Amino acid sequence: MTKRVAFIAGNWKLNLDHQQGIALVQKLAWTLKDAGHDYAGAEVTVFPGFTSLRSIQTLIDADKLDITLGAQDISAFDSGAYTGEVSGLALKKLDVKYALIGHSERRQYHNETDAVVQAKVSASFRHGIVPVICVGETLEELEAEGAAAVPVRQTLAALADHSALGDFVIAYEPVWAIGTGQVATPEQAASVATKIRTAIREAFGDEVADKTRILYGGSVKAANVAGFLRSPEVDGVLVGGASLDAEEFSGIARFQKHLAI
Ligand code: PEP
């Protein structure tokens, strides 16, 4: 069976200018180096705002850092009269490896429907960028349908265009746990991840299900990360607030240290 490398993703959201971003990545890289971080065991990816991508790419390149780069969104379109959009073509030129798609904040504040998410996932595949597809239920949906129904439905909707399936990552983020300090239990996260993987297996077969990384996100910190990653079903974490602090985020990336305890 394919070994899934842990994925530690930091979503900076609408925070930090490019100079602050450079300082954060430098500090993160030093901290991880000092701690002897093994990137082959846990990939570390930052998702800065668009205006910081070029600066962070240059830093990663010049200092030969093992940190990888992601974008917080991608346009469904490649070029043309789409004011304000950023295309996969341009992102690929900046060595962007991943794109967050369908984050609950985009679904909530920018009316991103499953159809929009699916079109963006297709754009990602077209440009060889790995989509990190965010799925998760609101508190009302949790009460009405339980935890797994909405994430499973959103996962299958995002991947509805089977013809061009590339590698993808799923980030299970219960909406009620994002930025609230309210955390799902490791058991809840593992149970939903298992159901998402089963749905992927039924739709796309064993190979895709076995290689796909499924993350948990929602108020993750260095102090609680190990609980989530103890389950073999959870392959990493998507981190918002705590990714803005280099020491805290490196503590999350170094989750294996906590596992031993
Ligand atoms: C996120 O932005 O995806 C997130 C999980 O945020 P936080 O860690 O702050 O809850």
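Here the structure is shown first, and the text comes after it.
To keep things clear, this report deals only with the structure shown in the data block. (Residues numbered from 1 in each chain as written. Predicted model: local features only at pLDDT ≥ 70, side-chain atom pairs only at ≥ 80, totals over all residues. Heavy atoms only, no water.)

With 17 residues, helix H1 (residues 18–34) should reach 24 Å at 1.5 Å per residue; the first-to-last C-alpha distance of 24 Å fits that figure. Among the residues of H1, Gly21, Leu24, Val25, Leu28, Ala29 and Leu32 are the ones counted as buried. All buried residues of H1 lie within an arc of 130° about the axis, which places them on one face of the element. Relative to its buried face, H1 has exposed residues pointing more than 90 degrees away, namely Gln19, Trp30, Lys33 and Asp34. Looking at the buried positions of H1, the neighbouring elements they touch are strand E2 (42–47), helix H2 (50–62) and helix H11 (246–253). Regarding H1, its N-cap is aspartate 17, as a side-chain oxygen of that residue lies 3.0 Å from the backbone nitrogen of glutamine 19 further along. Immediately downstream of H1, the backbone of glycine 36 shows phi near 70°, a positive value. (Helix = DSSP H or I, 4+ residues; strand = E, 2+ residues; numbered from the N terminus. Expected span 1.5 Å × (residues − 1). Buried < 20%, exposed > 50% of the residue type's maximum accessible area, 1.4 Å probe, protein only. Arc of directions from axis to C-beta. Contact = heavy atoms within 4.5 Å. Polar contact = N/O pair within 3.5 Å; in protein donor to acceptor, adjacent residues only side chain to side chain.)

Buried within H2 we find Ser52, Leu53, Ser55, Ile56, Gln57, Leu59 and Ile60. In the stretch just after H2, lysine 64 is the one whose phi turns positive, near 50°.

The subject of this paragraph is the site of the ligand. Neighbouring the ligand are 14 residues; Lys13, Glu173, Gly179, Ser219 and Gly240 lie closest to it. Between the ligand and the protein, one listed contact pairs an oxygen atom with a side-chain N or O atom of histidine 103 at 2.9 Å. Glycine 240 places a main-chain nitrogen or oxygen 2.8 Å from an oxygen atom of the ligand. Among the residues making up the shell around the ligand, the classes are represented as four nonpolar, eight polar and two charged. (Near = heavy atom within 4 Å. Nonpolar A, V, L, I, M, F, W, Y, C, P; charged D, E, K, R; others polar.)

On to the sheet that holds strand E6 (residues 169–172). Spatially, E1-E2-E3-E4-E5-E6-E7-E8 is the arrangement adopted by the eight strands of the closed barrel, whose pairing is parallel. Taken over all neighbouring pairs, the strand axes of this sheet differ in orientation by 25° on average, direction set aside. Of the pairings in the sheet, the one linking strand E7 (residues 213–217) to strand E8 (residues 236–239) comprises three bridges and is parallel in character. Within E8, the position partnered with leucine 215 by the bridge is glycine 236. (Pairing = 2+ DSSP bridges. Axes fitted to C-alpha atoms, helices over the stretch in contact; angles between N-to-C directions.)

Inspection of every chain in the model, using the stated rule, returns 16 salt bridges. One salt bridge connects lysine 120 with aspartate 73, and the closest N-O pair in it is separated by 2.9 Å. Separated by 47 residues along the polypeptide, lysine 120 in helix H5 (residues 114–126) and aspartate 73 in the loop between strand E3 (68–71) and helix H3 (88–93) bring together distant segments of the chain. One exposure class covers both lysine 120 and aspartate 73, and it is buried. (Salt bridge = Lys/Arg side-chain N within 4 Å of Asp/Glu carboxyl O.)

Attention shifts here to the packing of aromatic side chains. If you walk through the whole model with that rule in mind, you get four aromatic pairs. Geometrically, the ring pair formed by tyrosine 216 and phenylalanine 228 is stacked, given 4.2 Å between the ring centres and 15° between the ring planes. Placement of tyrosine 216 in strand E7 and of phenylalanine 228 in helix H10 (residues 225–229) is noted, with a sequence separation of 12 residues between them. We classify tyrosine 216 as buried; its relative accessible area is 1%. Here a set of aromatic residues connected by ring pairs shows up, and it is made of Tyr172, Tyr216 and Phe228. (Phe/Tyr/Trp six-rings, centres within 6.5 Å; stacked < 30°, edge-to-face > 60°.)

What follows concerns the pairing of E2. The side chains of a regular strand alternate, residue by residue, between the two faces of the sheet. Burial runs high along E2: six of the six residues are buried. Neither face of E2 is open: one carries Ala42, Val44 and Val46, the other Glu43, Thr45 and Phe47, and all of them are buried. As judged from the six bridges shared by strand E1 (residues 6–11) and E2, these two strands associate in the parallel manner. Each bridged residue has a counterpart across the sheet, and for isoleucine 8 the counterpart in E2 is valine 44.

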